[in-house]
Amino acid sequence: MKQDIRKLTAAQLKDWLTQHGEQGFRAKQVYEWLWKKSAQSFEQMTNLSLSTRELLSTNFEIRSLTVDQQQRSSDGTIKSSFRLFDDNLVEGVLIPALRNDDNDRMTACVSSQVGCSLTCKFCATGYMDRKRNLDAAEIYDQVVAIDRQAKENYDVPLSNIVYMGMGEPLLNYKNVLESVDRITAPDGLNMSPKRITVSTAGIAKMIRQLGDDAVKFNLALSLHAANDQKRDQIMPINESNTLQALGDALSYFYKKTGTRITFEYILFYNFNDTVQDAQELWKFTKRVPAKINIIEYNPIAAANFKNTDPQTLDKFAGFLDDRGVTVNVRRSRGKDIDAACGQLAGKKQTA
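The structure presented is a predicted model; accordingly, all values stated were derived computationally and were not measured.

1. Things to note about the side chain of Ser38
With respect to the helices and strands, the residue Ser38 is situated in the loop between helix H2 (25-35) and helix H3 (50-59). Not counting the four nearest positions on each side in its chain, Ser38 is found in contact with Trp33, Tyr140, Val144 and Leu189.

Here it is as C-alpha cells:
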C-alpha cells in the first residue's frame, strides 16, 4: 500500500521532494493543495508539472473519505455516513441555524473515532465497539465535506465545528489536536479556534494536557450528573475519573487557558432532574467560570431512559438561572433521522 501523503509534515515532504530531484518550494505548493484547497487527487494539482504529479502518484496516495449515504431531516439537519479508505464508516452532521439575517450559523458535528470504548449507557455510539482512531486528515475531511454541504444546500459556509460525534476525542488526543491545527492554520482552512468546541466525557489527565498545550479552542464536558453515584451508573468512565478529579483538572485547564467551560447536561426523567440535582450541579460549576447547556434526551433502542417533562426542566433551569448561572436549553435537531446528540451509531453500515 502506498504511503498516505497527508501523514507527512511540511518539512518531511520537502525533504522527500528534494531527495527525488524536485525543488524545495514544490513542497509548499503540494501542502497548500492538500490542506488549503483540499485536493483529493494529484491530478488536481495543476500548478505542478506532469512529471511531478506522476512522481507523487507513484509513491503516495490521498486517502480521502467519501459520502456513503446522506439523509436530510425535516428541520434541515443533514446526516452523512462517511466511508473511510478501509471501508469503516463514521457519521457527521450539518446542523443549520437559519435566522434570516447575516448571522446564519452552520455547525459541523464530527467524529473522532470509529465507534467508542466508553460505554455511556444513554449513547448509541457507546454500544458499539471502538474499532480505531481517526487520523487528522479523516477528521479534516469531514469538515470539508460538511462545509460543502452547507454551501450547496444553504449558500452559507460552515461557521462552527463541534467534536461531539462518534468517539471520545481525548482518547485520540494527538490526531484531534493535529486536525484542529490543519483546520485553523493559515495554510489550512484558516478557521478561528474559538469556533471549535471539543467535547469530552471526562478524561482528567488529558484535560490537564490541554491546559499544558495552551489550546485555543473551547472545551465542553458531558457531565449529566453532579454526584459520583449517579454518574457512575450512566458513565462508567467516572469510576476512574471522579468529579473531584475532573473539577481539579478543569480548574487547571482554566488557569492555563482562561477559557470558560461548557457543561453539557441531559435531563433524564426521574433520575437527575430534581432540584437537589440542580443544586449539586450549581455547586460543581462554581469551581470554574462556566455555562450550562441543558440538552434534550434523544431515546435509543438500547436504553430505557426518558426525557424529563417540560415543567421539571423549567424548574431545574430556573434554579440555576436564579443563582446567576448562564443556562441554555438546547432543543435536539435531526431526531427523525437519528442525527441528534447521542444517536450516531452508523446504522447504515450494511448499505
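2. Quick look at the sheet that holds strand E9 (residues 160-163)
If you walk across this open sheet you meet the 10 strands as E3-E4-E5-E6-E9-E10-E11-E12-E13-E14, and the pairing is mixed. In the strand order of this sheet, the two ends are held by strand E3 (66-72) and strand E14 (326-330), each with one partner. Taken pair by pair, the neighbouring strands of this sheet meet at an average axis angle of 20°, ignoring direction. The pairing of E9 with strand E10 (residues 196-200) spans 3 bridges and is classified as parallel. Pairing of Tyr163 across the sheet is with Val198, part of E10. Each of strand E11 (218-222) and strand E12 (261-266) touches helix H8 (residues 243-257); the most contacted strand, E11, lies at about 170° to it.

3. Let's talk about helix H1 (residues 10-19)
Residues Leu13, Trp16 and Leu17 constitute the buried set of H1. Burial along H1 is one-sided: seen end-on, the buried residues are contained in an arc of 95°. If you follow the buried residues of H1, they end up packed against H2, H3 and strand E2 (60-61).

4. A closer look at the UniProt feature "binding site: [4Fe-4S] cluster" (unreviewed entry) in the protein chain
Mapped onto this structure's residue numbering, the UniProt feature "binding site: [4Fe-4S] cluster" (unreviewed entry) falls at Cys116, Cys120 and Cys123. Tracing the sequence through the fold places Cys120 in the loop between strand E7 (113-114) and strand E8 (132-133). Residue Cys123 is classed as buried on the basis of its relative accessible area, which comes to 18%.

Criteria and thresholds
- Residues numbered from 1 in each chain as written.
- Predicted model: local features only at pLDDT ≥ 70, side-chain atom pairs only at ≥ 80, totals over all residues.
- Heavy atoms only, no water.
- Helix = DSSP H or I, 4+ residues; strand = E, 2+ residues; numbered from the N terminus.
- Contact = heavy atoms within 4.5 Å.
- Pairing = 2+ DSSP bridges.
- Axes fitted to C-alpha atoms, helices over the stretch in contact; angles between N-to-C directions.
- Buried < 20%, exposed > 50% of the residue type's maximum accessible area, 1.4 Å probe, protein only.
- Arc of directions from axis to C-beta.
- UniProt positions renumbered as here; feature names shortened; annotations may be inferred.

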